[in-house]
Amino acid sequence: MTTLHASLRPSSPDFGDNLAVYAGLREQHARLRETAIAGGGEKARERHLARGKLPARTRVNALLDPGTPFMEIGQLAGHRLYEDPTPSAGIVTGVGMVSGTPCMVMANDATVKGGTYYPATIKKQIRAQAIARENGLVCIYLVDSGGAYLPMQEDIFPDEHHFGRIFRNIAEMSALGIKQVAAVMGSCTAGGAYIPAMCDETVIVKDHGTIFLGGPQLVRAATGAIVDAETLGGADVHTRLSGVADHYAANDRHALDIVRAIVGRPARHAAVAPPRPVREPLYSPEELPGLIPANAKHPIPAREILARLMDGSELHPYRERYGTTLICGTGSIGGYPVGVLINDGVLFRESAQKAANFIELCCQSAIPLVFLHNISGFMVGVEYEQGGIAKDGAKMVNAVATARVPKFSVIVGGSYGAGNYAMCGRAFGPRLMAMWPNARTSVMGGEQAATVLALVREEQLAAKGETLGNAEAFKQPIRDHYAAHGTAFHAASRLWVDAVIDPADTRQWLTLGLALAHGAPAQDTRFGIFRM
Ligand code: COA
């Protein structure tokens, strides 16, 4: 083991400048979180409370074991995506402990457009289910939703990853032995009715819970009959006559108690203690924001980050003297063994080869992988292309894609182009993925994109004997677009990542993810053909 020594300390001259810049990002993050947590605004909230219903986040808190953390997934999803505000995409999702069992909780927020499903709502719930499936987590659905957001039906109904996938996932997880529990605490209309109907066990709340394939409006439109919601599909009907629900609850809190009892019955997924003793790093993770350079073009020193993340600030480096722009090594985080890959410069052939070998070794020993992206991309140029950098990059991407040990991704700086793929970007199935508030991601940097597009346009115009004229006027909107669309907050609103996390919370966030993965069944890795 090598002990990592931090040299950039709070006494260093750069540190204070960095923190001043980071303070602005932290404030922006806090504001966005507040908006997300507030839900659908004061009026909708008052109406909800006046009906005697608990707000979605209060329901989640009341469900969880007191004093245990809630790892929220997709909190910033839906931010500025549609004309109407859709805070948290109208659904609260996250992992928490219920009756001593880690569960994926999904709670519709009826104050956001009646809890209806926008495209982002569906994407978020499917993502939550994917996390549950990979980690074998009991799923709890706290349902209070008007079903499909009808004006956008074509973006939520017919396609592979649209509404139907949620019901398919329930059936498949149930078949895998992953318990599915629903509590109907409000509306549950049309397709949405399949959530409680397909769950293993369902609770419904008196006076508030309703389940029907066609609501009163649709019945009237289709048959002319006028019927009230309670008669059509209330709690009494479903627990006494139809058998669509199993348990009759007097109110929200009673329903949550019943869910806790259901989850607590078998104690199948007991929390798993870390296999190694937990040792804090020698340098405080609170210092991490001070490493983020005030000038975003300057890289973040990789070893400085590891010194504040790894247990005991210890790393057992792999090929320390070879392919040095990618640091690979083993150690532990929160008592869980990990293989870490962190960029310390551009990816070269050697670093990519080293990474592919390192990933093979970690898979052989069933060690989870943690990717810390701080990468502008692979090295370009004649020498590197002729040397076959595409072939070596492909080896790394191949290893990342096929490795079946749990993978976690955190973008701490930039994550651009093929560098994003090689470092286990979203498409490569990390169990969880986060960005620091300063982090950015796009296919390439804004400056590079502006230059490439300007050169392409110049060539087109030259063929016609024309010139571009003011290249700056052409480039600036492209730079601006990349600047606005490459931020961590933009990525989180679209669920490209599961969370934006404060650097100081990275250790805790990774530890929770590693703990979940540690309790789930291991999968065997089978690599494909590596191009030699
Ligand atoms: N699609 C689009 N918008 C919907 C909607 C839907 N399925 N259901 C409700 N909304 C909108 C309402 O127009 C309203 O918008 P506004 O705030 O801009 O006025 C908002 O969501 C809240 O609805 P509202 O009826 O005022 O709230 P409520 O709490 O009294 O009732 C429902 C909520 C969901 C019970 C009720 O709106 C309803 O029955 N909706 C129809 C559900 C349905 O038939 N869905 C079929 C899906 S396939």
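Heads up: the structure comes first, above all this text.
Residues numbered from 1 in each chain as written. Predicted model: local features only at pLDDT ≥ 70, side-chain atom pairs only at ≥ 80, totals over all residues. Heavy atoms only, no water.

Participant: Looking at this structure, how should I read the packing of aromatic side chains?
Facilitator: For any pair of aromatic rings, the description rests on two quantities: the centre-to-centre distance and the angle between the ring planes. Here the structure, examined in full by the defined rule, presents nine aromatic pairs. Plain terms: the ring middles of F163 and F167 are 5.3 Å apart, the flat faces sit at 35° to each other, and that makes the pair tilted. With F163 and F167 both in helix α5 (residues 163–175) and four residues apart, this pair spans about one turn of that helix. By relative accessible area, which is 11% here, F167 ends up buried. Between F167 and Y194, the aromatic rings sit 6.0 Å apart at their centres with planes inclined by 50°, giving tilted as the arrangement. (Phe/Tyr/Trp six-rings, centres within 6.5 Å; stacked < 30°, edge-to-face > 60°. Helix = DSSP H or I, 4+ residues; strand = E, 2+ residues; numbered from the N terminus. Buried < 20%, exposed > 50% of the residue type's maximum accessible area, 1.4 Å probe, protein only.)

Participant: In this structure, what is going on with the nonpolar core? I would like to understand it.
Facilitator: For soluble globular proteins, nonpolar side chains are generally found buried alongside one another. M104, Y141, I305, L306, L372 and W509 are the most contacted members of the largest nonpolar core, which has 71 residues in total. Leaving out residues up to four positions away in the same chain, W509 has contacts with M71, S409, V410, L432, M433, A434, A499 and I501. (Core = buried A, V, L, I, M, F, W, Y, C linked by side-chain atoms within 4.5 Å. Contact = heavy atoms within 4.5 Å.)

Participant: Is there a simple way to think about helix α12 (residues 349–364) in this case?
Facilitator: Two residues of an α-helix separated by three or four positions point the same way, owing to the 3.6 residues in each turn. When the terminal C-alpha atoms of α12 are compared, their 23 Å separation across 16 residues agrees well with the 22 Å that a helix rising 1.5 Å per residue should span. For α12, every residue scored as buried is listed here: S351, A352, K354, A355, A356, F358, I359, C362 and C363. The secondary structure elements touched by the buried residues of α12 are β9 (314–318), β10 (326–333), β11 (336–343), β12 (369–375) and α14 (389–402). Two residues or fewer past α12, A366 is found with a positive phi of approximately 55°. (Expected span 1.5 Å × (residues − 1).)

Participant: Even after reading the chapter, I still don't get the layout of surface pockets, so can you show me in this structure?
Facilitator: Where empty space is left in the structure can be found by rolling a water-sized probe over the atoms. Approximately 1,300 Å³ is the volume attributed to the largest pocket. The wall of the largest pocket is formed by 49 residues, among which A296, K297, S376, G414 and Y416 lie closest to the centre. Here the lining of the largest pocket takes five residues from helix α1 (residues 13–38), the largest share from any one element. Residue composition of the lining of the largest pocket, by class: 23 nonpolar, 21 polar and five charged. There is about 1,000 Å³ of room inside the second largest pocket. In terms of lining residues, the second largest pocket is bounded by 40 residues, among which G114, T116, G146, G147 and T189 are the most central. (1 Å grid on protein atoms, 1.4 Å probe; cavity = no way out; pocket = protein on both sides within 12 Å on 5 of 7 lines; lining within 4 Å. Points joined across faces, edges and corners; volume = space filled by probe spheres on them. Nonpolar A, V, L, I, M, F, W, Y, C, P; charged D, E, K, R; others polar.)

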